[in-house]
Amino acid sequence: MYKLLLAALTAGAMMVATVAQAKTLGVVALLANDALNIAVIGGATEAAKAAGWDVKVTDTQASADQANAAMNSFAAQKVDAIFVLAFASSSIGSGLAAARDAGIPVATWGGEIVPGIVVTTSGRQVGDDSVKFLIDKVGEKADVLAMTFHPGKLCIDRGIAFDEGVKGKSDVKVDYSEVTAPGQVQFGNATAAAWLTAHPAGGDKPLAIWACWDEPMQGAVAAMRQAGRTDVTTVSINGSPQALQLVKEGDLTATVWQPAYQEGKEVFQAILDSIKAGASWQPKDIQIPGIVVTKDNVDKFMAEHPNGM
């Protein structure tokens, strides 16, 4: 009986020790219900769970103030690492300060490398790919609606790529519209509907709509369906399952798939590597090439990337 009791107490102590030793990753999401945020959180969570870490996610609803508050809260909770999604590093100053004071490494998805950031990714390459495809498709004489989003650093990078891609093309006229989020799908629908009315079919210039991510474009595609318009080239970024289906159905010309799930996994691995390396760690920028998905390659792409991953 004594031996059984001792064994039970020992096993219980081991379980308590295991729980006590579990590390925690605090994730600060731009929009936790956005498809790309979901993918990157999924990748980071898979890698974290495999390493024995717990994961806590805070949805900021695209508010930098809420992002800073979440980082301060995670610092107070003494999490072991913080992963910030899609905010510019310049907008999370107080959160970074709290993390630095607590000795907590911070990773970003889309932010700039600044003191306290151990790893980041960027959205520049997929932005370049999107505008190159658009210009190749419509030529250098077109009217374009560009839906941008400056609270999100990935969209800032993609917007810079778009601006540089159309720079110097005097016959490409761009109407810029800043997306409101939450409510990005509805915004895309209303904005595209008004723009389509102002740009009827049969004009002397090709028409195109560009969005820095898929969800506003979903709304724009719905507006095109409602208006019975098939004359507009549409290009967005992320490669969400919904966007891929729209490409397959012929309603979206192209989406540039960003491998967010893999980025999430690699960012978490870099966090582990930075902790192991300590003071010798050099901050890194992870770049994984995306894929331009069109009706020509969507079936092959979807077969090779189930669920868009």
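The name that an unreviewed UniProt entry assigns to the chain is Sugar ABC transporter substrate-binding protein, with the source organism given as Mesorhizobium sanjuanii. According to the UniProt record, the Subcellular location (unreviewed entry) comment for the chain is "Cell envelope".

Novice: Please clarify how the environment of Ser 89 should be interpreted in this entry.
Specialist: Tracing the backbone shows Ser 89 in the loop between β3 (81–85) and α4 (93–101). With 23 residues separating them along the chain, Ser 89 and Glu 112 place their C-alpha atoms 5.4 Å apart. Apart from the residues within four sequence positions on either side, Ser 89 is in contact with Leu 96, Thr 108, Gly 111, Glu 112, Val 114 and Ile 117.

Novice: Explain the packing of aromatic side chains here, please?
Specialist: The way to describe two aromatic rings as a pair is by their centre distance and the angle between their planes. Going through the model one piece at a time under the given rule, you end up with 5 aromatic pairs. Between Trp 257 and Phe 301 the ring centres are 5.2 Å apart and the planes differ by 65 degrees, which places this aromatic pair in the edge-to-face class. Taken as a pair, Trp 257 in strand β10 (residues 254–257) and Phe 301 in helix α11 (residues 298–304) lie far apart in primary sequence, 44 residues in all. The exposure classification of Trp 257 matches that of Phe 301, with both residues buried. Taken together, the ring pairs in this structure connect Phe 162, Tyr 176 and Trp 210 into an aromatic cluster.

Novice: How should unusual backbone geometry be read in this particular structure?
Specialist: Trans is the prevailing form of peptide bonds, just as negative phi is the prevailing case for residues other than glycine. Note the cis peptide between Ala 181 and Pro 182, where omega equals 0 degrees. Its place among the elements puts Pro 182 in the loop between β7 (172–178) and α7 (184–198). Even without a glycine there, the phi angle at Gln 61 is positive, about 55 degrees. Of note, Ala 62 is a non-glycine position whose phi angle comes to about 65 degrees, a positive value.

About the thresholds
- Residues numbered from 1 in each chain as written.
- Predicted model: local features only at pLDDT ≥ 70, side-chain atom pairs only at ≥ 80, totals over all residues.
- Heavy atoms only, no water.
- UniProt positions renumbered as here; feature names shortened; annotations may be inferred.
- Helix = DSSP H or I, 4+ residues; strand = E, 2+ residues; numbered from the N terminus.
- Contact = heavy atoms within 4.5 Å.
- Phe/Tyr/Trp six-rings, centres within 6.5 Å; stacked < 30°, edge-to-face > 60°.
- Buried < 20%, exposed > 50% of the residue type's maximum accessible area, 1.4 Å probe, protein only.

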